[in-house]
Amino acid sequence: MSAELFSSTREEGNPESGPSFRSHQRKILNLLLERDTSFTNRPDLPRTPVDELFGDFANLSILSRSLGFFRTAGNTVSSDVNGNLVESEMKYLDSPITTVPKLDTNPELGEDQAEEISDELMEFSLEDQEAKGLVLKKTVSLCGINITQMLEEDSNQGYLTGDFSKVCALPAMSGRHQDLKYINPETVAALLSGKFQGLIEKFYIIDCRYPYEYQGGHIQGALNLYSQEELYNFFLKTPIVPLDTQKRIIIVFHCEFSSERGPRMCRCLREEDRTLNQYPALYYPELYILKGGYRDFFLEYTELCEPQNYCPMHHQDHKAELLRCRSQSKAMEGERQLQEQITLLVKDVSP
């Protein structure tokens, strides 16, 4: 943009008068816009990492100088093409003026110079706001921070129980199934040692593996419930209520790896519990999954297992039992789904 454009438009208004001065600046802005001048698209500006953060601020500063004005203390101050302030307009505005160094448009501008200019712009803004008694907060870019890690750290500070009434008693973490709460083997070992007696009245470790796996080695005190019918009969036919209302009932599910069977049984108990209560109330609001399952717990705390052994599901000596247990599980699952469909049909037919 040539200097003639600014000099010709400047003559149209008297800088001594407020309205004409502002009209004068608006005309310049309109002329720039008509010539497709952009606020943010300056290919000649350097694109260092610092400029990525302050690029828009720097471009806006350059545009302001091209227009012949910039802001200070909420007022618009005119300058000539070379960036020198016009004395008459300074007197008209009657406010202290702080000049900002002109940005170097050299493509080889380094990060240190860009940071120095950005700091000066920030100091200029802070001094201006402090003079007015205002509070100014500086924003920080999070582009270089692991957002996922931040979210996980934040969520670890307070998982809520299933009825949303309390924060979980055990230190929960995320796992493969995002809708479930996980605890590590160390927490289960602390549970067995009585570390959480002040918060927990009773806890149940539910081993969802098949009977031959359970008999080949399990966590001390664990119950072997691998079918949904067994789970329902144990926990929901006669719900277990804590004698001390300030303490809790904790249930921990696991299978060999806590990949499928344990999470499926945990969800089944929660769904049945929901149907028996008015939302969000629950008999058992605090359910957990042992992360890594029995395999990881056995590797870390063999002394807390009885017998101190580990029988995999696909053990060659138990192929026939595996087929039988799987057939039973499928049959029971099919029967359960059939009962659910019948219940839904009855509800639809009933007035």
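This write-up is about the structure you can find in this document. Just so we're clear, the structure is a prediction, and the values are computed from it rather than from any experiment.

Let's talk about the layout of surface pockets
Reasoning step 1: Of the volumes computed, that of the largest pocket is approximately 870 Å³.
Reasoning step 2: If you trace the largest pocket, you find 30 residues lining it, with Gln228, Cys268, Glu272, Arg336 and Glu340 closest to the centre.
Reasoning step 3: Breaking the lining of the largest pocket down by element, the ones donating at least two residues are helix H9 (228–235), helix H10 (261–276) and helix H12 (319–349).
Reasoning step 4: No other element matches H12, which puts twelve residues into the lining of the largest pocket.

Quick look at H10
Reasoning step 1: Its 16 residues give H10 an end-to-end C-alpha distance of 23 Å, which sits within 8% of 22 Å, the value for a rise of 1.5 Å per residue.
Reasoning step 2: If you follow the buried residues of H10, they end up packed against helix H8 (211–215), H9, strand E7 (248–254) and strand E8 (287–290).

Considerations on the pairing of E7
Every other side chain in a regular strand lies on the same face of the sheet, so the side chains alternate between the two faces.
Reasoning step 1: Burial runs high along E7: seven of the seven residues are buried.
Reasoning step 2: Here E7 shows two buried faces, one formed by Arg248, Ile250, Val252 and His254 and the other by Ile249, Ile251 and Phe253.
Reasoning step 3: The sheet contact formed by strand E4 (residues 200–207) and E7 spans seven bridges and is parallel. Of the residues in E7, the one forming a bridge with Tyr204 is Ile251.

Some points on the pattern of salt bridges
Reasoning step 1: The final tally for this structure, using the stated rule, is six salt bridges.
Reasoning step 2: Between Glu286 and Arg248 there is a salt bridge, with the nearest N and O atoms lying 3.1 Å from each other. Of this pair, Glu286 sits in the loop between H10 and E8 while Arg248 sits in strand E7, and the two are 38 residues apart along the sequence.
Reasoning step 3: By relative accessible area, Arg248 is classed as buried at 14%.

Notes on the nonpolar core
Reasoning step 1: Counting 24 residues, the largest nonpolar core has Leu170, Val188, Ile219, Val252, Tyr288 and Phe297 as the members making the most contacts within it.
Reasoning step 2: Within the residue set of this core, elements represented by two or more residues are helix H7 (185–192), E4, E7, E8 and helix H11 (293–300).
Reasoning step 3: When residues in this core are grouped by element, the largest group, four residues, is from H7.
Reasoning step 4: The contact partners of Val252, leaving out residues within four places of it in the chain, are Ile183, Val188, Leu191, Tyr204, Ile205, Ile206, Tyr288 and Leu290.

Quick notes on the rules
Residues numbered from 1 in each chain as written. Predicted model: local features only at pLDDT ≥ 70, side-chain atom pairs only at ≥ 80, totals over all residues. Heavy atoms only, no water. 1 Å grid on protein atoms, 1.4 Å probe; cavity = no way out; pocket = protein on both sides within 12 Å on 5 of 7 lines; lining within 4 Å. Points joined across faces, edges and corners; volume = space filled by probe spheres on them. Helix = DSSP H or I, 4+ residues; strand = E, 2+ residues; numbered from the N terminus. Expected span 1.5 Å × (residues − 1). Contact = heavy atoms within 4.5 Å. Buried < 20%, exposed > 50% of the residue type's maximum accessible area, 1.4 Å probe, protein only. Pairing = 2+ DSSP bridges. Salt bridge = Lys/Arg side-chain N within 4 Å of Asp/Glu carboxyl O. Core = buried A, V, L, I, M, F, W, Y, C linked by side-chain atoms within 4.5 Å.

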